[in-house]
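One letter stands for each residue in the lines below.
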Amino acid sequence: MKLGILLSGRGSNFEAIARNVLAGKLNAEIGFVFSNKPNAPGLALARQLGFRAESLEMTGLDRAAYDAKVAEMLLNHGVELVCLAGYMRILSGSFVSKFPSRILNIHPSLLPAFPGLDAQYQALAHGVKVTGCTVHFVDDGLDSGPILLQSPVKVFDHDTVETLSDRILKEEHRIYSEAIAWVSRGNYQIVGRRVIRT
Ligand code: GRF
C-alpha cells in the first residue's frame, strides 16, 4: 500500500514508520511526504531518507483551495492511504471525502478524552492516572473518527508534560505502524464507530 505522510513538525512518527518500511518490517511504500511548513524538520528528514517530499505555503489560498492542491499532489503520487503525523491543520470535508476511510491520524491521548491541542497537558491537568495514544480514521470532526488502535500509558505523580509526552511517544511509534499494517491487510470492517477485525 502506498502511503502519503502529512506532517508539520519534527516528524518522529514519520521516522518510525519510515524506519519500519526501510527495514522491511512494514509492508508498505512511502510514496510522498508533504508538509504545510517548508522548514519542518520532518520534511528535511524525509529528503535525507530519500523520499519525495514537498511543501506548499498557505499564502493567498483559502482552506478548500489549499486542501484541493494537497489532495491532487497525493493522488498524483498514487497515494492510497494518507497518514497524518503531527499535521497541524484541520482537513476540509472535501479533502476527507476524496480519501474515504483512507486517512489515519495519531493522537496523544486515549480518545475521546482530550481531543485537540496539548492533549498531554490536558491529561495531567485533569489528573487522570492513565492516558495514552490513539490511531483513528479521520472524519471531518476534530480527532473524532472511528478508532483503530489505542495504547494506555500510566501517569506518575512526578510526571511533567515532557516526561509523560516522551512515554506516550514511544507507544505512538509502536502502534502507528501496527495500525498501518492492519489497514494495508484490509481485514477489518467499519461498523458505525467500531472498527472490527474480520
Ligand atoms: C505527536 O504527539 C502526535 O500524536 C501528534 O503530534 C505529535 C507529532 O510528533 N498528533 P512528531 O512530529 O511525529 O514527532
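Cut-offs used in this document
- Residues numbered from 1 in each chain as written.
- Predicted model: local features only at pLDDT ≥ 70, side-chain atom pairs only at ≥ 80, totals over all residues.
- Heavy atoms only, no water.
- Domains from an automatic or database assignment.
- Contact = heavy atoms within 4.5 Å.
- Salt bridge = Lys/Arg side-chain N within 4 Å of Asp/Glu carboxyl O.
- Polar contact = N/O pair within 3.5 Å; in protein donor to acceptor, adjacent residues only side chain to side chain.
- Helix = DSSP H or I, 4+ residues; strand = E, 2+ residues; numbered from the N terminus.

Novice: Any chance you could break down the domain arrangement of the protein chain for me, citing the residues and the numbers?
Specialist: As assigned here, the protein chain comprises domain 1 (1–100) and domain 2 (107–134 + 148–172 + 182–198). The C-alpha-based centres of domain 1 and domain 2 are spaced at 21 Å. Each partner contributes residues to the interface: domain 1 has seven residues there, and domain 2 has five residues. Inspection of the domain 1/domain 2 interface yields zero salt bridges. At the surface where domain 1 touches domain 2, the tally comes to one residue pair in polar contact (both at pLDDT 80 or more).

Novice: Which residues make up unusual backbone geometry, and what values go with them?
Specialist: What you tend to see is this: most non-glycine residues have negative phi, and most peptide bonds are trans. Here the amide bond leading from L111 into P112 is cis, since omega sits at 10 degrees, within 30 degrees of zero. The phi torsion at D118 lies on the positive side, around 55 degrees, for a residue other than glycine. Of note, D118 is situated in the loop between β5 (103–107) and α5 (119–126). Its identity is not glycine, yet D143 carries a phi of approximately 50 degrees, on the positive side. Turning to its location among the elements, D143 is positioned in the loop between β6 (130–137) and β7 (147–154).

Novice: Outline the side chain of T134, listing residues and values.
Specialist: With respect to the helices and strands, the residue T134 is situated in strand β6. A polar atom in the side chain of T134 sits 2.6 Å from the backbone oxygen of S109. Within the structure, T134 has its side chain in polar contact with the side chain of Q150 (distance 2.9 Å). Setting aside residues up to four positions removed in sequence, T134 forms contacts with N105, I106, H107, S109, L110, L111, I147, L149, Q150 and I175.

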